Amino acid sequence: MIDELVRRLSSARSVCVLTGSGISAESGLPTFRGVGGLWRTHRVEQLASPAGFERDPVLVWTWYNERRAAHGQASPSAAHRALAALEPRYPDFTLATQNVDSLHLRAGSKNVVELHGNLREARCTGCGATYSLERGMPLERIEHECGGRFRPQIVWFGEALPQREWTLAADAAMRAEVMLVIGTSAMVHPAASLATRYARDAWIAEVNPEATAISDAVDLSLRATASEILSDVVARLGA
Ligand code: OAD
């Protein structure tokens, strides 16, 4: 089965990849819906919604500061590194990620589109000023002098994706000859619709140890970890 993936990747010029938290599981970071997943042990509406932030910004920032620290201690996995190694092979390669952990960038991927934002900076809800989160958000600086508040540069439930990122990812999916969907349950839209609606002309492969919401709609489901499959693909392509 992996032979077909390697064959498709060896002749394609246009590749689009969608990743989710499963690709960072091998870096030791929790997923959202799996065993020990963040949404199993935390209340989404408290921590990842505009209303939750309005109610208790200190709680929200305490949680994101902890997550940011965990991201900083994690290292890119073999799967992150494999995608970075694949990229230079292609004239058109876009890596759209739902992850906010910066691990693709740290692995050396260049054309990364962060659909759900990042935890490198905070943004003021009032004036739009940004604050670099090198050491996290100091809790005493959440309230901004303009009357607004610094919030994580993250897409929360009920919010639209950033327009520029969405357009880049949707266009890349529409151009793609091969689309890879890696380490995501594909339950969150519109990200998942990159594969199901936008990658109309692409041959689509999914890499995930478990079945997902889109398994029936893809051309190939590889039931293994991202590192297992991607390391093998890179070795076979000689990337
Ligand atoms: P989920 O927790 O929904 O799904 C993680 C997926 O990773 C599951 O399908 C696992 O089977 C798979 N997985 C686990 N280990 C893996 C491995 N080693 N290799 C490959 N796959 C593996 O997380 P996401 O799909 O990322 O959004 O969730 C999507 C969005 O929902 C997140 O970006 C976040 C969340 O709410 C926001 O916060 C806006």
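Residues numbered from 1 in each chain as written. Predicted model: local features only at pLDDT ≥ 70, side-chain atom pairs only at ≥ 80, totals over all residues. Heavy atoms only, no water.

A. Up close: the overall build of the chain. The helix and strand tally for the chain stands at 11 helices and nine strands. Computed over the C-alpha atoms, the radius of gyration of the chain is 18 Å, within 12% of the 18 Å expected from 2.2 N^0.38 for a compact globule of 239 residues. Seen through its principal axes, the chain has C-alpha atoms that stretch 55 × 30 × 30 Å. Restricting to contacts in the chain with at least 6 residues of sequence separation, those with at least 24 account for 66%. About 11,100 Å² of surface is accessible on the chain, with carbon and sulfur atoms providing 49% of the total. Here the chain contributes 25 positively and 27 negatively charged side chains, and the mean placements of these two sets differ by 1 Å. (Helix = DSSP H or I, 4+ residues; strand = E, 2+ residues; numbered from the N terminus. Rg over C-alpha atoms; globule rule 2.2 N^0.38 Å. Contact = heavy atoms within 4.5 Å. Areas by Shrake-Rupley, 256 points an atom, 1.4 Å probe, with all protein chains shown as cover. Lys, Arg positive; Asp, Glu negative; His and termini not counted. Charge placed at Lys NZ, Arg CZ, Asp CG, Glu CD.)

B. Just empty space enclosed by the protein, in detail. For the structure on display, the rule yields one cavity of 30 Å³ or more. Along the walls of the largest cavity sit T97, N99, D101, S102, L103, H104, L105 and E114, which together make up its complete lining. With three residues, the single largest contributor to the lining of the largest cavity is helix α8 (residues 103-107). Among the residues making up the lining of the largest cavity, the classes are represented as two nonpolar, four polar and two charged. (1 Å grid on protein atoms, 1.4 Å probe; cavity = no way out; pocket = protein on both sides within 12 Å on 5 of 7 lines; lining within 4 Å. Points joined across faces, edges and corners; volume = space filled by probe spheres on them. Nonpolar A, V, L, I, M, F, W, Y, C, P; charged D, E, K, R; others polar.)

C. Structural view of the site of the ligand. Around the ligand, the structure places 23 residues, and the nearest of them are R33, W39, T184, S185 and N208. Between an oxygen atom of the ligand and a main-chain N or O atom of F32, the distance comes to 2.8 Å. Within the backbone of G183, one N or O atom sits 3.3 Å away from an oxygen atom of the ligand. Here the ligand loses 90% of its free accessible area of 800 Å² to cover by the protein chains. Here the shell around the ligand is composed, by residue class, of eight nonpolar, 12 polar and three charged. Shared between two domains, the shell around the ligand holds at least three residues of each, these being domain 1 (1-29 + 76-116 + 161-239) and domain 2 (30-73 + 117-154). (Near = heavy atom within 4 Å. Polar contact = N/O pair within 3.5 Å; in protein donor to acceptor, adjacent residues only side chain to side chain. Domains from an automatic or database assignment.)

D. Spotlight on the sheet that holds strand β3 (residues 112-114). Here we have six strands laid out as an open sheet, ordered β3-β2-β1-β7-β8-β9, and parallel in their pairing. The open sheet has two edge strands with one neighbour each: β3 and β9 (220-222). This sheet shows a mean twist of 20° between the axes of neighbouring strands, independent of strand direction. As paired strands, strand β8 (residues 203-207) and β9 are joined by three bridges and run parallel to one another. (Pairing = 2+ DSSP bridges. Axes fitted to C-alpha atoms, helices over the stretch in contact; angles between N-to-C directions.)

E. Layout of the pairing of strand β7 (residues 178-182). The element β7 is largely enclosed, with a buried count of five among its five residues. The pairing of β7 with β8 spans five bridges and is classified as parallel. Bridged to I182 within β8 is V207. In this view, the connection linking β7 to its parallel neighbour β8 by way of helix α10 (residues 193-198) has right-handed handedness. (Buried < 20%, exposed > 50% of the residue type's maximum accessible area, 1.4 Å probe, protein only. Right-handed = clockwise from strand over helix to strand, strands pointing away.)

F. Spotlight on the sheet that holds strand β5 (residues 130-132). The three strands lie next to each other as β5-β4-β6, forming an open sheet whose pairing is antiparallel. Of all the strands in the sheet, the pair left with one neighbour each is β5 and β6 (150-154). Pairs of neighbouring strands in the sheet enclose a mean axial angle of 40°, with direction left out of account. Summarising the sheet, strand β4 (residues 117-124) and β5 pair through three bridges and their orientation is antiparallel. Bridged to A122 within β5 is Y131.

G. Inspection of the environment of L139 at higher detail. One can find L139 in the loop between β5 and β6. Sequence separation between L139 and D3 is 136 residues, and the spatial gap between their C-alpha atoms is 51 Å. Residues in contact with L139, not counting those within four places in the same chain, are V58, W61, T62 and N65.

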